[in-house]
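# Fold and geometry: a report
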Amino acid sequence: MNAPAKGKPQINPRAVMLSKRANVFYLEHAKVIQMDNRIVYLTQDGTDVEKYFNIPERNTAFLLLGKGTSITDAAVRRLAESNVMVGFCGSGGSPLFGALDMTMLAPQSEYRPTEYMQTWVRHWFDEEKRTQLARHLLITRADLTGRYWKDNIELVKRGIQLPDTYIDTFKKDIENAKNAEALLLIEARWARTLYALLAQGFKIEFSRKEGERKNDTLADIVNGYLDHGNYIAYGYASVALCGMGISFSLPLLHGKTRRGALVFDIADLIKDACVMPLAFLSAKRGDNQKDFRNSLIEYCQDKEVLDLLFTFISEACNKVV
């Protein structure tokens, strides 16, 4: 990679808004460094020749570092300046400890907005308002899932659709729930129904299992893609929360059992709608992990999920009065 010519001024392009960023990177066996006023990652081929690839950090939402990766302090500093979230994960993009232990390096900025955090805190310390926000989250999640599934050609071809009557019943149960514990039980029934519909439509004997597996069956492959895809969803959620200046430690539903807390809540908005159907589809058609990951990132970009998450958080802060 050639150094910039002497005497020419360095041009730093303006960063793309977080909600509009297009790029998500997952790397294995690579080193991320700063070189020639840019971020690159280095890999080696079979001849031990290092190859350099550019990371356009000003249009990148988050970066996942898998097995055999390293990153320099200069690279971290520049990524932080561009508001890029950096995550460490296991092989294939799944976290080292299933979905329970997510490590993210959030970019530090004293200019992050404060008004959303202050509003969220006021709502969070009021149990009734917090429960009302949780209801709003689940209802939005159901609406997105129903709409995205109807627009998914692969699901339509296989006759996989969420009946409107089931969505309406789910919403009524949510409205009648008295507390977070009741909402979690309703959510669990919802998830089991979605898995059952997808398993039946794709003709896969399936049960949800997180963590280590042998990948001997289609069900194992689906579970692996679900883990991988969920972690990408957590990355999107982390970017949105960090950009809005809201702490992950103020959850609506998942705080008592999962350390990701609010990250898991926000990620749920796109897991059912985007990750779950694609995990079954990719397993059924024999995609590898890279194919699945690229398809998911492209689908999320097409659906503008970052913009969706930013909008949801903003509207949720003004939802409860």
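Before any of the text, the structure's been laid out above.
This report concerns the structure included in the present document.

### Brief notes about the packing of aromatic side chains
The geometry of an aromatic ring pair is captured by two quantities: the separation of the ring centres and the angle between the planes. Counted by the stated rule, this structure contains 12 aromatic pairs. Between Y234 and F264, the aromatic rings sit 4.6 Å apart at their centres with planes inclined by 65°, giving edge-to-face as the arrangement. Here the residue Y234 occupies a position in helix 7 (residues 218–244), and F264 occupies one in helix 8 (residues 262–284), the gap between them amounting to 30 residues. A relative accessible area of 2% places Y234 in the buried class. One aromatic cluster in this structure is built from Y195, F202, F206 and F280. In this structure, R130 packs its charged tip against the face of W124, placed 5.1 Å from the ring centre.

### Side note on the pairing of strand 3 (residues 38–44)
Most of strand 3 is tucked away: five of the seven residues are buried. Where strand 2 (residues 31–35) and strand 3 come together, five bridges link them in antiparallel fashion. By the bridge assignment for strand 3, K31 is matched with L42. Linkage of strand 2 to strand 3, two consecutive antiparallel strands, is achieved through a turn of two residues, within which D36 is found at a positive phi near 50°.

### A few points about the nonpolar core
Among the nonpolar cores identified, the biggest contains 85 residues, and F62, F206, Y236, I266, C274 and F280 are the most heavily contacted of them. Here this core gets 16 residues from one element, more than from any other, and that element is helix 8. Excluding its chain neighbours within four sequence positions, the residues that come into contact with I266 are A237, L241, L309, F312 and I313. Counting residues in hydrophobic clusters, the runner-up holds 13 residues, among them V32, I55, L63 and A75.

### Description of helix 7
Given a rise of 1.5 Å per residue, 27 residues ought to cover 39 Å, and the 39 Å separating the end C-alpha atoms of helix 7 matches this to within 8%. For helix 7, the buried fraction is high: 25 of the 27 residues fall into the buried class. A positive backbone phi angle near 75° is found at G245, which sits one or two residues after helix 7.

### Focus on the sheet that holds strand 2
Taken together, four strands build an open sheet; the order of strands is 4-3-2-6 and the sheet is mixed. Edge positions in the open sheet fall to strand 4 (50–55) and strand 6 (70–71), since each of these has one partner strand only. In the sheet, strand 3 pairs with strand 4 via six bridges, with the strands oriented antiparallel. Along strand 4, the bridge assignment pairs V40 with N54. Contacting strand 2, strand 3 and strand 6, helix 1 (residues 73–81) runs over the sheet at an angle of about 75° to strand 2.

### Re the packing of helix 3 (residues 127–151) against helix 8
Packing of helix 3 against helix 8 leaves a shortest axis separation of 9 Å and a crossing angle of 20°. It follows that helix 3 is roughly parallel to helix 8 by the angle criterion. Helix 8 is crossed by helix 3, and the crossing has right-handed handedness. Touching L137, T140, R141, L144, T145, Y148 and W149 of helix 3 are D265, D268, L269, D272, A273, C274 and P277, all from helix 8.

Rules behind the numbers
- Residues numbered from 1 in each chain as written.
- Predicted model: local features only at pLDDT ≥ 70, side-chain atom pairs only at ≥ 80, totals over all residues.
- Heavy atoms only, no water.
- Phe/Tyr/Trp six-rings, centres within 6.5 Å; stacked < 30°, edge-to-face > 60°.
- Helix = DSSP H or I, 4+ residues; strand = E, 2+ residues; numbered from the N terminus.
- Buried < 20%, exposed > 50% of the residue type's maximum accessible area, 1.4 Å probe, protein only.
- Lys NZ or Arg CZ within 6 Å of the ring centre and 35° of its normal.
- Pairing = 2+ DSSP bridges.
- Core = buried A, V, L, I, M, F, W, Y, C linked by side-chain atoms within 4.5 Å.
- Contact = heavy atoms within 4.5 Å.
- Expected span 1.5 Å × (residues − 1).
- Axes fitted to C-alpha atoms, helices over the stretch in contact; angles between N-to-C directions.
- Parallel < 35°, antiparallel > 145°, perpendicular 65-115°, else oblique.
- Left-handed = near helix turned anticlockwise from the far one by under 90°.

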